[in-house]
Protein chains: 2
Amino acid sequence: MAEAVRAASIARRYYLQGATKLEIAEEFGLSRFKVARILDAAREDGLIRVEFDMPAPVDPILGDDLRAAYGLERALVLERATSRGPRTELRRRIGALAARLLTEIATDRDVIGLSWARSVNVMTELIDTLPRCPIVQLCGVQAGMDMRDRSVETVSRLAGVSGGAAYPIFAPLVLPDSRTTEILRRQPGIAETFSQFGNLTKAVVSIGAWEAGESTVYDALSQAERDAISKRGAKAEVAARLYDAEGNPLSTGLAHHVLAISAEDLHRVPEVIALGYSPPKAEAVDAVLRSGMVSTLITDAETAALTLELATRRPLQPRPRRGQ
Amino acid sequence: MAEAVRAASIARRYYLQGATKLEIAEEFGLSRFKVARILDAAREDGLIRVEFDMPAPVDPILGDDLRAAYGLERALVLERATSRGPRTELRRRIGALAARLLTEIATDRDVIGLSWARSVNVMTELIDTLPRCPIVQLCGVQAGMDMRDRSVETVSRLAGVSGGAAYPIFAPLVLPDSRTTEILRRQPGIAETFSQFGNLTKAVVSIGAWEAGESTVYDALSQAERDAISKRGAKAEVAARLYDAEGNPLSTGLAHHVLAISAEDLHRVPEVIALGYSPPKAEAVDAVLRSGMVSTLITDAETAALTLELATRRPLQPRPRRGQ
DNA sequence: CCTACTCCTGCTCATATGAGCACTATAGCA
DNA sequence: TGCTATAGTGCTCATATGAGCAGGAGTAGG
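This structure is a prediction, so every number in the text was calculated from the model and none was measured.

What follows covers the overall build of chain A. When its secondary structure is counted, chain A shows 14 helices and eleven strands. Principal axes of the C-alpha set define a box for chain A whose edges measure 80 × 45 × 40 Å. In chain A, which comprises 324 residues, the share counted as buried stands at 49%. Taking the intrachain contacts of chain A between residues at least 6 apart in sequence as the baseline, contacts between residues at least 24 apart amount to 68%.

See below:
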């Protein structure tokens, strides 16, 4: 106990008051080596707990582990205590985190892309200030989604908040055939939006799992096409683009009848913020993170833990994002 | 928030995983200076909290502050949550801390002195193992104290546990006059005990305040003598020796009719463990600590906080203990 | 009594780090 | 436009620090 008390004193001087080990050694009449060993031992024995006062309900440890495991720029993990509750509540919290992050990191030189997803919509609703920058819709509107919340206007709304230009896509995400898709893509407004994809500096997307209820695209297809895509190994969907378990983009027939940014264009965006929450999506999150496309992941604690397990279980070849 | 998350990641890598700032800088693509600044800022902003898992119910922060303020070797402060309750309960907890400390730091080369006090008695009752070392009674028995708990035998009991020699004083602490005192001091058993005072390596004493109910010696004197001593500026009493508010030993008439170790001999003991608990004793604790005699203080959280205030209020000339 | 062993300590030297400075970029303002 | 203020950055060099090692104290076993 006497040891522990002394160790605590030393730790406080060192960690909190920033004293040098040499100073501490003199104060306590020890050699600096002894001080170093006491501190190391205290850390290893768990005598010292370093905790973090986060300004948001995020779990810094899970976040940091995810960041390190997948080579992300950062990961915001909704802390466990706040991860409970119905899915809509979880979505609201995830959206709030994303809103806060985007508000914080957006500058007036950004070009911001938004994919279609309920969580992204929640995010836009929670943003009330944003630098003057263009807002670009990354994919068509999912017909199956609830339109009553005026989600079609999300891009315009956010552009209104920002004061920048809006590049919406007033067309469905999934179309019956490639011909219709091509025609729509060449439509004046839509073509203009597509032309912005090369200028994007930030994108907010949602991660879907390739199973019922975990991807609005999945839910919109025929059972035949769902199965065909499943057979190709699709595990995850981002902006109607598919990825296998290793994070490789899959080119399937789907690619030709959706109105959405291409996987390549999305990969080229310097900052991709991906929202992927709720445990059933863990595998999909793992897959998308393996693609190296994501710079920031926003998820909940439970999904984070599951995803981390997947990361540990299967070796992860370092595939760093550009500029990291 | 993005900043905070990054800072937390960095702090975790640095503090918990022991990474060097250079490594962290490379990982995060920052300069090592930036990393240092982030860590400094995180500390200053209170983003990082260092907590301690103490193996005893002690408050490491109050203890460390007391230690630093008075130049002690250490201070054990009973944590606030456990400082509540009736005085006997508090005494039991303080005694338990002292028992644990003494058990831990005693070696077979020690000569241990005990002053008379209820808290010291509680301590001895809670000690069940001790290296083989002599136990020396530092002062006579306070007649007013409750004898039913066989406290007179404390020294013998502890010597029994230790297996070492016992040097008791079977005589009252306060005597009617100096002549009786001198005669008793020369009595065979008592003289032998007094001759051990020069060999003491550790002493456990209690701090009394010079007011009713806060010092058994005070309570044992006539009102006339109490007042006379008060007028001399006495604030604290340790082993029937008196100290003024500055921690200077006072020589009063009392010195000549008590059977106890002299202030000088007590000062010479390398390790003096002082028990001073309950808020009314804060001033006395402050006074005794100013004497530079104490190496270890054991107190409760409330008293510790009050004493700290006194230390801050009145400048404290550095008067370090020997060998520190 | 020695020997081998472990544990603990503090040393050397290469490396990491901090204090203070100089430089750049941006902003506010005349 | 140019000026100053301010904040942020990364440099130099003296200092602090860690890894690994060597010596000493204690100890169990021969």
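So, next bit.
To continue, consider the domain arrangement of chain A. Parsing chain A into structural domains produces domain 1 (2–44) and domain 2 (60–313). For domain 1 of chain A and domain 2 of chain A, the distance between their C-alpha centres works out to 48 Å.

Time to look at the interface of chain A and chain B. Taken residue by residue, the interface counts 38 residues in chain A and 37 residues in chain B. Only helix H1 (2–16), strand S1 (48–52), helix H4 (60–70), strand S2 (74–78) and helix H5 (87–105) of chain A provide two or more residues apiece to the side of chain A that touches chain B. If you tally residues by element for the side of chain A that touches chain B, the top one is H1 of chain A, at ten residues. Of the residues that constitute the side of chain A that touches chain B, the class distribution is 21 nonpolar, six polar and eleven charged. As paired strands, S1 of chain A and strand S1 (residues 48–52) of chain B are joined by five bridges and run antiparallel to one another. Residue pairing for S1 of chain B: Glu-51 of chain A is matched across the bridge by Arg-49 of chain B.

Turning next to the protein's contact with DNA strand D. Taken together, Thr-20, Lys-21, Leu-22, Arg-32, Phe-33 and Ala-36 of chain A together with Ser-31, Phe-33 and Lys-34 of chain B are the residues near DNA strand D. Mapped onto the surface near DNA strand D, the elements with two or more residues apiece are helix H2 (21–28) and helix H3 (32–44) of chain A together with helix H3 (32–44) of chain B. The residue makeup of the surface near DNA strand D, split by class, is four nonpolar, two polar and three charged.

A separate point is the relation of the copies chain A and chain B. It takes a turn of 179° to lay chain A on chain B, together with a shift of 0.0 Å along the axis; the resulting RMSD is 0.3 Å. The relationship between the two copies is best expressed as a two-fold rotation axis. Measuring from the rotation axis to each C-alpha of chain A, the shortest distance belongs to Val-50 of chain A, at 2.2 Å. A share of 97% of interface residues in chain A that are also interface residues in chain B marks the association as one of identical surfaces.

Turning our attention to the protein's contact with DNA strand C. Around DNA strand C, the neighbouring residues are Ser-31, Phe-33 and Lys-34 of chain A together with Thr-20, Lys-21, Leu-22, Arg-32, Phe-33 and Ala-36 of chain B. If you list the elements that add at least two residues to the surface near DNA strand C, you get H3 of chain A together with helix H2 (21–28) and H3 of chain B. Counting residues per element, the surface near DNA strand C draws most heavily on H3 of chain B, which supplies three residues. For the surface near DNA strand C, a count of residues per class yields four nonpolar, two polar and three charged.

Residues and elements named next belong to chain A. Of all the five residues making up strand S10 (residues 271–275), four are buried; the element is thus mostly covered by neighbouring parts of the structure. Here strand S6 (residues 202–209) pairs with S10 via five bridges, running parallel. Paired with Ser-206 across the two strands is Leu-275, which belongs to S10. Relative to strand S11 (residues 296–300), S10 runs parallel, the two being bridged by three bridges. Residue pairing across strands places Ile-273 opposite Thr-296, the latter belonging to S11. Following the backbone out of S10, through helix H13 (residues 282–290) and into the adjacent parallel S11, one traces a crossover that is right-handed.

Moving on: the environment of Ala-8 of chain A. By the element assignment, Ala-8 of chain A lies in helix H1. Contacts of Ala-8 of chain A, omitting those with residues within four sequence positions, involve Phe-52, Met-54, Pro-60 and Asp-64 of chain B.

Compared with the 18 Å implied by 1.5 Å per residue over 13 residues, the 18 Å span of helix H14 (residues 301–313) of chain B between its first and last C-alpha is a close match. Contacts made by the buried residues of H14 of chain B are with helix H4 (60–70), strand S2 (74–78), helix H13 (282–290) and strand S11 (296–300) of chain B.

Glancing now at the confidence of the model for chain A. Residues at a pLDDT of 70 or more form 94% of chain A, whose mean pLDDT is 90. Per-element confidence in chain A is highest for H13 of chain A, whose mean pLDDT is 97, and lowest for S1 of chain A, whose mean pLDDT is 84.

Looking now at the nonpolar core. Val-288 of chain A together with Ala-98 and Val-288 of chain B are the most contacted members of the largest nonpolar core, which totals 203 residues. Here this core gets eight residues from one element, more than from any other, and that element is helix H5 (residues 87–105) of chain B. When residues no more than four places from it in sequence are discounted, the contact partners of Val-288 of chain B are Ile-207, Ala-236, Val-238, Tyr-243, Gly-247, Ala-274, Gly-276, Met-293 and Val-294 of chain B.

Right, let's talk about the environment of Gly-63 of chain A for a bit. Turning to its location among the elements, Gly-63 of chain A is positioned in helix H4. Separated by 179 residues in the primary sequence, Gly-63 of chain A and Leu-242 of chain A place their C-alpha atoms 25 Å from one another. The contact partners of Gly-63 of chain A, leaving out residues within four places of it in the chain, are Val-58, Arg-74, Ala-75, Leu-76 and Val-77 of chain A together with Val-5 of chain B.

Let us look at unusual backbone geometry. If you check the backbone angles, Ser-278 of chain A has positive phi at about 80° while not being a glycine. Position of Ser-278 of chain A among the secondary structure elements: in the loop between S10 and H13.

This part is about the packing of H13 of chain A against helix H14 (residues 301–313) of chain A. All names here are of chain A. In the contact formed by H13 and H14, the axes pass within 9 Å of each other and the chain directions differ by 55°. Relative to H14, the element H13 is oriented oblique. The crossing of H13 and H14 is right-handed. For the pair H13 and H14, the contacting residues are Ala-282, Glu-283, Val-285 and Asp-286 in the first and Thr-303, Leu-306, Thr-307, Leu-310 and Ala-311 in the second. Across the contact of H13 with H14, the residue classes break down as five nonpolar, two polar and two charged.

Residue and element names in this part refer to chain A. Within the secondary structure, Val-77 is located in strand S2. Residue Val-77 is classed as buried on the basis of its 31 C-beta neighbours within 10 Å. Sequence-wise, Val-77 and Leu-259 are 182 residues apart; in three dimensions their C-alpha atoms are separated by 31 Å. If sequence neighbours within four positions are ignored, Val-77 has contacts with Val-58, Asp-59, Leu-62, Gly-63, Leu-66, Thr-299, Asp-300, Ala-301 and Ala-304.

The rules behind these values
- Residues numbered from 1 in each chain as written.
- Chains lettered and ligands numbered in written order.
- Predicted model: local features only at pLDDT ≥ 70, side-chain atom pairs only at ≥ 80, totals over all residues.
- Helix = DSSP H or I, 4+ residues; strand = E, 2+ residues; numbered from the N terminus.
- Buried ≥ 20, exposed ≤ 12 C-beta atoms within 10 Å, placed from the backbone.
- Contact = placed C-beta atoms within 7 Å.
- Domains from an automatic or database assignment.
- Nonpolar A, V, L, I, M, F, W, Y, C, P; charged D, E, K, R; others polar.
- Pairing = 2+ DSSP bridges.
- Near = placed C-beta within 6 Å.
- Least-squares fit on C-alpha atoms with pLDDT ≥ 70 in both.
- Right-handed = clockwise from strand over helix to strand, strands pointing away.
- Expected span 1.5 Å × (residues − 1).
- pLDDT = per-residue confidence, 0-100.
- Core = buried A, V, L, I, M, F, W, Y, C linked by C-beta atoms within 7 Å.
- Axes fitted to C-alpha atoms, helices over the stretch in contact; angles between N-to-C directions.
- Parallel < 35°, antiparallel > 145°, perpendicular 65-115°, else oblique.
- Left-handed = near helix turned anticlockwise from the far one by under 90°.

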